[in-house]
Every structure is written in structure tokens, then in C-alpha cells.
Amino acid sequence: NAGVTQTPKFQVLKTGQSMTLQCAQDMNHNSMYWYRQDPGMGLRLIYYSASEGTTDKGEVPNGYNVSRLNKREFSLRLESAAPSQTSVYFCAVRTRGATNEKLFFGSGTQLSVL
Amino acid sequence: SQQGEEDPQALSIQEGENATMNCSYKTSINNLQWYRQNSGRGLVHLILIRSNEREKHSGRLRVTLDTSKKSSSLLITASRAADTASYFCATADTGRRALTFGSGTRLQVQP
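Predicted, not measured: the structure shown is a model, and the values here were computed from it.

**A look at the sheet that holds strand β1 (residues 5-7) of chain B**
Residues and elements named next belong to chain B.
1) Next: Taken in spatial order, the five strands of this open sheet run β1-β3-β8-β7-β6, and their pairing is antiparallel. Edge strands, defined here as strands with exactly one partner in the open sheet, are β1 and β6 (55-58). Here the average twist between neighbouring strands, direction ignored, is 20°.
2) Next: Across three bridges, β1 lies against strand β3 (residues 19-24) in antiparallel orientation. Looking at β3, one finds that Glu5 is bridged to Ser24.

Following this line, the structure appears as C-alpha cells:
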């Protein structure tokens, strides 16, 4: 199935632990995004990548790093997890056509930091 | 900070009624999009309206945009229980490459 695949779906970390959230697309589009969603706050942009090899900070980049090694994959790394990073993380791919554009989202990673 | 602010935050209606959600934003935009999120799932794109458009329809959805007031509305006609979800507006701001999302409206459609 075409789309955006995120792994893992759930993760529990202890404060100070590190982990990498993986995102892969088979849609062959350039732009990819990482958002976090906290209760009642909608989505906030962490980082985005306009193309392979480029990344830019979003609204809430502190405590995160990203890597876009190829067109398919865009990973998000937490080097030293903090309770404030407990959230649901979504990866998205931007598609742009002649008359439309939209984001396709993965199913999300629910992260708890204890 | 959030670009779009939805109003109301929560809405409960009966099946068959219409549901209207509003979105206000702050900056100049290229387009405004509406997304739907079912509980525990990712967001799904519903409709896009460009800054030079005033109204757009897609099935039971009707979107309006007033750039002078920096506001948009999403109307769902003849609602169904399956429309129960959270709805988010998102703006493609002029000069930015990423969408900025509002805080969402939680819609509950009672059967």
C-alpha cells in the first residue's frame, strides 16, 4: 500500500534515554515533516525536509535531531528524552499537483517519557 | 504559536444536522486546508481552498474563505455518526514550506 509508514507505534522511555523514530514513504515526494501533537494543542512542527539531504527547524525543534539520508526516509531522534517530550509524533509527506497539494500522514508514534 | 484557531473547541449535534466549524488565522496565506482526525489515527486531508477563492464544495463539505477577515469555515451537511472526529484547519503561509495547524474542533455526531 502506498503511503507513510512510521515505526514504532508505541514507545515508553525513561528520562535521559535516547531513541529514533523512523518514517518511510513510498510516494516519491520530496518534502517530509515531523509534527508532534499534544492534547488540545493541534500539531506543532518539529522539523521538515524539503528534499534529500536538507533539513530545517520548525516551531519546536529543541531536544530533537533529524536525518534525511535518502528520499524515502526521514528519521527523528531524541538524544536525551524528557517528560515534556511525551506526545504523539506524526510524520507527513507533502504532495503537490497542478491544482492541489496536501499532507499524507503516517499513523503516528505514541511516546511516553517517564 | 498556533496560526489557526478553531471555534468551537467542541461541538455535539444530532445525526442529520449540519455542523459548522470556524478557523481564524493571523498571516498572509497561499491556501487553507481542512483535515480530519479519527481518534488514535493520523490526519486525513479533506479539502483545500486557495487564497483567491471564496467558496469550495466537495460532497457534503462546503468551505468558505474570507481573507479580509482572515477566517474560514467548514460546513458538513447532513451529518452522520461516522463524521465524529476532530477537524483541523491548516494554513500554507506565504513564504513558508510547512503547514501550520490550528488546535482543532472535536465533533460528536449523536446517532
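There is more to say after this.
**Considering the sheet that holds strand β8 (residues 75-78) of chain A**
Residue and element names in this part refer to chain A.
1) Next: Strand order in the open sheet made by the four strands is β1-β3-β8-β7, with antiparallel pairing throughout. What marks the edges here is a single partner per strand, and that holds for β1 (4-7) and β7 (64-67). When the angles between neighbouring strand axes are averaged without regard to direction, this sheet yields 20°.
2) Next: Summarising the sheet, β1 and strand β3 (residues 19-25) pair through four bridges and their orientation is antiparallel. Among the inter-strand pairings, Gln6 is bridged to a residue of β3, identified as Cys23.

**Focus: the confidence of the model for chain B**
1) Next: On average, residues of chain B carry a pLDDT of 92, and 96% of them reach 70 or more.
2) Next: Within chain B, the lowest mean pLDDT, 84, falls on β1 of chain B, and the highest, 98, falls on strand β7 (residues 61-66) of chain B.

**As for the environment of Asp93 of chain B**
All names here are of chain B.
1) Next: With respect to the helices, strands and loops of the structure, Asp93 is situated in strand β9 (residues 85-93).
2) Next: Between the alpha carbons of Asp93 and Leu32 there is a distance of 8.6 Å; along the sequence they are 61 residues apart.
3) Next: For Asp93, the side chain forms a polar contact with the side chain of Thr100, separated by 3.4 Å.

**Regarding the interface of chain B and chain A**
For an interface, size is often stated in terms of accessible area lost upon the parts coming together.
1) Next: Between chain B and chain A, the contact holds 21 residues from the first and 23 residues from the second.
2) Next: Note on chain B versus chain A: buried area summed over both sides is about 1,700 Å², and carbon and sulfur give 49% of it.
3) Next: For the pair chain B and chain A, the number of links is zero salt bridges.
4) Next: Counting the contacts that link chain B with chain A gives four residue pairs in polar contact (both at pLDDT 80 or more).
5) Next: Of all the elements in the fold, those that place two or more residues in the side of chain B that touches chain A are β4 (29-37), β5 (43-50) and β10 (99-101) of chain B.

**A few points about the layout of surface pockets**
Sizing a probe to match a water molecule and rolling it over the atoms shows the empty space that remains.
1) Next: A volume near 680 Å³ is recorded for the largest pocket.
2) Next: Lining the largest pocket are 32 residues, with Gln37 of chain A together with Gln37, Ser39, Gly40 and Ser86 of chain B positioned closest to its centre.
3) Next: Within the residue set of the lining of the largest pocket, elements represented by two or more residues are β9 (87-96) and β11 (109-113) of chain A together with β9 and β11 (105-110) of chain B.
4) Next: Here the lining of the largest pocket takes four residues from β11 of chain B, the largest share from any one element.

**Comments concerning the confidence of the model for chain A**
1) Next: Per-residue pLDDT for chain A has a mean of 93; in total, 97% of the residues score no lower than 70.
2) Next: Averaged over each element, pLDDT in chain A is lowest for strand β10 (residues 101-105) of chain A (93) and highest for β8 of chain A (98).

**What about the state of the cysteines?**
Residues and elements named next belong to chain A.
1) Next: A complete count under the given rule lists two disulfides over all chains for this structure.
2) Next: Residue pairing for Cys23: its cysteine sulfur links by disulfide to Cys91, the two sulfurs lying 1.9 Å apart. Around the S-S axis, the bridge from Cys23 to Cys91 shows a dihedral of about -70° and counts as left-handed. Linking Cys23 in strand β3 with Cys91 in strand β9, this pair joins segments that are 68 residues apart in sequence.

**Some thoughts on the side chain of Glu101 of chain A**
1) Next: As for its placement among the helices and strands, Glu101 of chain A is situated in strand β10.
2) Next: Polar side-chain contacts of Glu101 of chain A include one of 2.9 Å to the side chain of Arg94 of chain A.
3) Next: At 3.3 Å, the side chain of Glu101 of chain A forms a polar contact with the side chain of Asn31 of chain B.
4) Next: Dropping the residues within four chain positions of it, Glu101 of chain A is found in contact with Arg94, Thr95 and Arg96 of chain A together with Asn31, Gln33, His45 and Leu48 of chain B.

Calculation criteria
- Residues numbered from 1 in each chain as written.
- Chains lettered and ligands numbered in written order.
- Predicted model: local features only at pLDDT ≥ 70, side-chain atom pairs only at ≥ 80, totals over all residues.
- Heavy atoms only, no water.
- Pairing = 2+ DSSP bridges.
- Helix = DSSP H or I, 4+ residues; strand = E, 2+ residues; numbered from the N terminus.
- Axes fitted to C-alpha atoms, helices over the stretch in contact; angles between N-to-C directions.
- pLDDT = per-residue confidence, 0-100.
- Polar contact = N/O pair within 3.5 Å; in protein donor to acceptor, adjacent residues only side chain to side chain.
- Contact = heavy atoms within 4.5 Å.
- Buried area = accessible area lost by both parts, 1.4 Å probe.
- Salt bridge = Lys/Arg side-chain N within 4 Å of Asp/Glu carboxyl O.
- 1 Å grid on protein atoms, 1.4 Å probe; cavity = no way out; pocket = protein on both sides within 12 Å on 5 of 7 lines; lining within 4 Å.
- Points joined across faces, edges and corners; volume = space filled by probe spheres on them.
- Disulfide = S-S within 2.5 Å.

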